Amino acid sequence: MESVIRFIRELYGEPESFIPLHAPVFTGREKEYLADCIDSTFVSSVGEYVTRFEDMTREFTGAARAVAVVNGTCGLTAALKLVGVNQGDLVLTQGLTFVATANAVTAAGAVPVFLDSDSDTLGMSPDALRAWLERHGNGSRRIAACVPVHILGHACRIREICEICEEYSIPVVEDAAEGLGSSLDGRHLGTFGKLGVLSYNGNKTITTGGGGMILARDEELGGLAKHMTATAKVPHRWEFRHDAAAWNYRMPNLNAALGCAQMEKLDEILADKRAVAAAYRDFFAGRDDMAYVDAPEGCLSNYWLNTVLFKDKEAREEFLKLSNDQGVMTRPLWTLMAELPMYACHENDGLANARRLADRAVNLPSGPRIKA
Ligand SMILES: Cc1ncc(COP(=O)(O)O)c(C=O)c1O
């Protein structure tokens, strides 16, 4: 275990100081764009940086439309409502995820059901999805959406999930909060489902301070996403007319200014993160006490966070204590949704793989090593 900590210190060129899990890097035009934004006085919900950031993201991801929002959680809530989720509906998602996925379902008025993950991708298992639908597909509650999550930047089996959902006419909203820069067979994550959502929280591959992006495959739905996340205002030079009870989830121009500068550095950041991942992969290749979780076949991952699996929970806990005591920040995966007090009463399918993963996984420092 000590050798892992030594290796991480070498990888980051930090013999003694604290190594965070994933710190943002601001080495581009961030300050210039922020100053420009302040000088323009357009710091709030209207401004050129928002449009520029959306256009850059649309081009980068290949989505038909990209809509900048205040954060990934609100983006997911909006996306669920946009695909038709109503009060009391069921939404199928996975037990192994960050709590925001389940919270977004709840905020949309729906009831999350927690399904198991695949052991290799960590994302929703298509087999678990099919099994649940075969058992419950004709229940009394409407199944209004499915939200698979691309965990840690690795693609889940999104094609199979979309195919199954299509059979049952269930719209798919991809939680791609951790997936900016990741693709499956050349297609960016978040563009397989009807809608997908990215996050730019401070710990993500790039950040806008706080922020999110709704990706739409379809121009029309993307247009509706823009309209509904911006108070559903009917364009007019001076009148305040709104045509739906909508939301104010717009990303402020200040955050988008930061986003534009970060996007200009995205390729460089991704290249360094992939180099970090390659170094971890090589280092763990020969070990039998822990296994590196690599991207599944066909997935070009952003390697948001690099993960290793220990043999058992005891060894994992020992490593968490040792590394954090020594100033190397490591973290377990999240407590399963089914084990959180507010979601313990919700249906789950036993989550056998998710439980094994949650007990044994550790996330290692994975930020880009680019220095200002
Ligand atoms: C899987 C997942 N879903 C949703 C979110 C929510 O994003 P945000 O923090 O931007 O609200 C995050 C990240 O924070 C996440 O990791």
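Residues numbered from 1 in each chain as written. Predicted model: local features only at pLDDT ≥ 70, side-chain atom pairs only at ≥ 80, totals over all residues. Heavy atoms only, no water.

1. Observations regarding the pairing of strand E4 (residues 143–147)
Okay, step 1: E4 sits mainly inside the fold: five of its five residues count as buried.
Okay, step 2: Here strand E2 (residues 90–94) pairs with E4 via four bridges, running parallel. In the strand pairing of E4, Leu92 is matched with Cys146. (Buried < 20%, exposed > 50% of the residue type's maximum accessible area, 1.4 Å probe, protein only. Helix = DSSP H or I, 4+ residues; strand = E, 2+ residues; numbered from the N terminus. Pairing = 2+ DSSP bridges.)

2. Quick notes on the environment of Leu82
Okay, step 1: Tracing the sequence through the fold places Leu82 in helix H4 (residues 72–82).
Okay, step 2: Residues Leu82 and Asp116, 34 residues apart in the sequence, show an inter-C-alpha distance of 26 Å.
Okay, step 3: The residues touching Leu82, leaving out its near neighbours within four places in the chain, are Leu195, Leu221, Leu224, Ala225, Met228 and Trp247. (Contact = heavy atoms within 4.5 Å.)

3. Digging into the nonpolar core
Okay, step 1: Counting 72 residues, the largest nonpolar core has Phe53, Leu92, Leu129 and Tyr280 as the members making the most contacts within it.
Okay, step 2: When residues of this core are assigned to their parent elements, the largest contribution, seven residues, is made by helix H10 (residues 266–285).
Okay, step 3: Sequence-distant contacts of Leu129, that is, excluding residues within four places in its chain, are made with Leu92, Leu115, Met124, Cys146, Ile161, Ile164 and Cys165.
Okay, step 4: Val105, Ile214, Ala225 and Trp247 belong to the second-largest nonpolar core, a separate cluster that totals 29 residues. (Core = buried A, V, L, I, M, F, W, Y, C linked by side-chain atoms within 4.5 Å.)

4. Some points on the site of the ligand
Okay, step 1: For the ligand, the set of nearby residues contains 15 residues, the closest of which are Gly72, Thr73, Asp175, Glu178 and Lys204.
Okay, step 2: A distance of 2.5 Å is found between an oxygen atom of the ligand and a side-chain nitrogen or oxygen belonging to Thr73.
Okay, step 3: A distance of 2.9 Å is found between an oxygen atom of the ligand and a side-chain nitrogen or oxygen belonging to Lys204.
Okay, step 4: Summarising the interface, the protein chains cover 92% of the accessible area of the ligand, which totals 380 Å² for the free molecule.
Okay, step 5: Of all the secondary-structure elements, those providing two or more residues to the shell around the ligand are H4 and helix H5 (99–107).
Okay, step 6: Among the residues making up the shell around the ligand, the classes are represented as four nonpolar, eight polar and three charged. (Near = heavy atom within 4 Å. Polar contact = N/O pair within 3.5 Å; in protein donor to acceptor, adjacent residues only side chain to side chain. Areas by Shrake-Rupley, 256 points an atom, 1.4 Å probe, with all protein chains shown as cover. Nonpolar A, V, L, I, M, F, W, Y, C, P; charged D, E, K, R; others polar.)

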